[in-house]
Amino acid sequence: MTKRFEGRCALVTGAASGIGLAVAQLLAAEGAVRLILVDRDATTLAAAQFDTTCHRVVGDVADDALWDGLDLTGIDHAVVNAGVAGAAAIAALDFAEWRRILSVNLDGAFLTLRAAMRAMTARGGSIVLTASAAGIKAEPGVAAYGCSKAALLHLAKVAAKEGAANGIRVNAIAPAGVETPVWDAVPMFADRVVQIGRDAAFAELAAMATPLGRYAKAEEVAEQIAFLLSDQSALITGTTLLADGGYTL
């Protein structure tokens, strides 16, 4: 049986853990012959195992120089996934913290997207941006994160229109809660982990936030991203796959 990504080359950012790691491992299992993996966590990135050829790049996706020096020739797919989280009410939010989140989540996504689209111009390809249900549904305390993800949803639409003439498809995915390390940066979650443990903290949040009563596993989101990247979604571009367990209903 032919694998969905047989002979393909893919770029994945935020590839050392969480959704990025799960996507990279899935692409490798599905036949990708080369992965370009970007993350600023050198130790974790080096330790990750993939059953294919990997070019591991340690750096900040919001650093323009990183992309100027990275050869993406021949890539077929890109997963614009690197991101950071944080939580504070607007009145209490330091500008430095606002910039930290927007720098990675939006500036970094733009630079990644621009580099990928330039590399795909001659032969086409598919791109998925990891957004969030936080960019759709307003909640207190997540202005920086929510705004960064809302901007990604529109960025994907603009990129889809611009890329279509060159055979480049661009879509976004908007999960709600996903059991990934990004939650460790949220003080409320970190406090609950200390009090009741990590699994129980996730279960508690999911029970409050989603009609389905659970958060997603990174591997589940990876499967959804793989669908959007694959030829199975050949006519899908400029869309957002809302994978939120009913959170935004």
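Residues numbered from 1 in each chain as written. Predicted model: local features only at pLDDT ≥ 70, side-chain atom pairs only at ≥ 80, totals over all residues. Heavy atoms only, no water.

1. A closer look at the overall build of the protein chain
Reasoning step 1: Across its full length, the protein chain carries eight helices and seven strands.
Reasoning step 2: The C-alpha radius of gyration computed for the protein chain amounts to 17 Å, which stays within 12% of the reference 18 Å derived for 249 residues, consistent with globular compactness.
Reasoning step 3: Here the C-alpha coordinates of the protein chain stretch approximately 50 × 40 × 35 Å along the principal axes.
Reasoning step 4: Looking at the 249 residues of the protein chain, the share that counts as buried comes to 48%.
Reasoning step 5: Sequence separation of 24 or more characterises 69% of the internal contacts of the protein chain that already satisfy a separation of 6 or more.
Reasoning step 6: Surface summary for the protein chain: the accessible area is close to 11400 Å², and the carbon and sulfur share equals 57%.
Reasoning step 7: The centroid of the 20 positive side-chain charges in the protein chain is displaced by 4 Å from the centroid of its 26 negative side-chain charges. (Helix = DSSP H or I, 4+ residues; strand = E, 2+ residues; numbered from the N terminus. Rg over C-alpha atoms; globule rule 2.2 N^0.38 Å. Buried < 20%, exposed > 50% of the residue type's maximum accessible area, 1.4 Å probe, protein only. Contact = heavy atoms within 4.5 Å. Areas by Shrake-Rupley, 256 points an atom, 1.4 Å probe, with all protein chains shown as cover. Lys, Arg positive; Asp, Glu negative; His and termini not counted. Charge placed at Lys NZ, Arg CZ, Asp CG, Glu CD.)

2. Regarding the packing of aromatic side chains
Reasoning step 1: Applying the stated rule across the entire model yields two aromatic pairs.
Reasoning step 2: Geometrically, the ring pair formed by Phe 189 and Phe 202 is tilted, given 4.7 Å between the ring centres and 40 degrees between the ring planes. Of the two residues, Phe 189 is situated in helix α6 (residues 187-196) and Phe 202 in helix α7 (residues 198-209); the sequence distance between them amounts to 13 residues.
Reasoning step 3: Among the aromatic residues, those joined into a ring-pair cluster are Phe 189, Phe 202 and Tyr 215.
Reasoning step 4: The ring of Tyr 247 carries the charged tip of Lys 137 above its face, separated from the ring centre by 4.4 Å. (Phe/Tyr/Trp six-rings, centres within 6.5 Å; stacked < 30°, edge-to-face > 60°. Lys NZ or Arg CZ within 6 Å of the ring centre and 35° of its normal.)

3. Considering the packing of helix α4 (residues 95-120) against helix α5 (residues 143-163)
Reasoning step 1: Direction vectors running N to C along α4 and α5 enclose 15 degrees, while the axes themselves pass 9 Å from each other. Compared by their axis directions, α4 and α5 come out roughly parallel. For the pair α4 and α5, the sense of crossing is right-handed. On α5, the residues that touch Trp 98, Ile 101, Leu 102, Asn 105, Leu 106, Ala 109, Phe 110, Leu 113 and Met 117 of α4 are Ala 143, Ala 144, Tyr 145, Cys 147, Ser 148, Lys 149, Ala 151, Leu 152, Leu 155, Ala 159, Glu 162 and Gly 163.
Reasoning step 2: Taken together, the residues that form the contact of α4 with α5 break down as 16 nonpolar, three polar and two charged. (Axes fitted to C-alpha atoms, helices over the stretch in contact; angles between N-to-C directions. Parallel < 35°, antiparallel > 145°, perpendicular 65-115°, else oblique. Left-handed = near helix turned anticlockwise from the far one by under 90°. Nonpolar A, V, L, I, M, F, W, Y, C, P; charged D, E, K, R; others polar.)

4. Details of the pattern of salt bridges
Reasoning step 1: This model, assessed by the stated rule, comprises eleven salt bridges.
Reasoning step 2: Across the pair Arg 4 and Glu 223 runs a salt bridge whose closest N-O atoms are separated by 3.4 Å. On the criterion of sequence distance, the pair formed by Arg 4 in the segment before β1 (9-13) and Glu 223 in helix α8 (residues 218-229) is long-range, its members being 219 residues apart.
Reasoning step 3: The partly exposed category is assigned to Arg 4, whose relative accessible area is 22%. (Salt bridge = Lys/Arg side-chain N within 4 Å of Asp/Glu carboxyl O.)

5. A word on the nonpolar core
Reasoning step 1: Residues Ile 36, Val 38, Trp 67, Leu 72, Ile 127, Leu 129 and Val 170 are the most contacted members of the largest nonpolar core, which totals 41 residues.
Reasoning step 2: Taken together, the elements giving at least two residues each to this core come down to β1, β2 (34-39), α3 (64-68), β4 (77-80), α4, β5 (125-130), α5 and β6 (168-175).
Reasoning step 3: With ten residues, the single largest contributor to this core is α4.
Reasoning step 4: Dropping the residues within four chain positions of it, Val 170 is found in contact with Leu 113, Ile 127, Leu 129, Ala 156, Ala 159, Ala 160, Thr 237, Gly 238 and Thr 239.
Reasoning step 5: Residues Phe 5, Ala 22, Val 23 and Leu 45 belong to the second largest nonpolar core, which totals 31 residues. (Core = buried A, V, L, I, M, F, W, Y, C linked by side-chain atoms within 4.5 Å.)

6. Describing the pairing of β2
Within a regular strand, the side chains alternate between the two sheet faces.
Reasoning step 1: Of all six residues making up β2, five are buried, and the element is well covered by its neighbours.
Reasoning step 2: As paired elements, β1 and β2 share five bridges and run parallel to each other. Bridge pairing in β2 places Val 12 opposite Leu 37.
Reasoning step 3: For the crossover that starts at β1, traverses helix α1 (residues 18-29) and ends in the parallel β2, the hand is right-handed.
Reasoning step 4: Two strands pair when backbone bridges link them, and β2 and strand β3 (residues 53-58) are joined in this way by six bridges, in the parallel orientation. Considered in β3, the bridge of Leu 35 is made with Cys 54.
Reasoning step 5: Taking the sense of rotation as the criterion, the β-α-β connection linking β2, helix α2 (residues 42-47) and β3 turns out right-handed. (Pairing = 2+ DSSP bridges. Right-handed = clockwise from strand over helix to strand, strands pointing away.)

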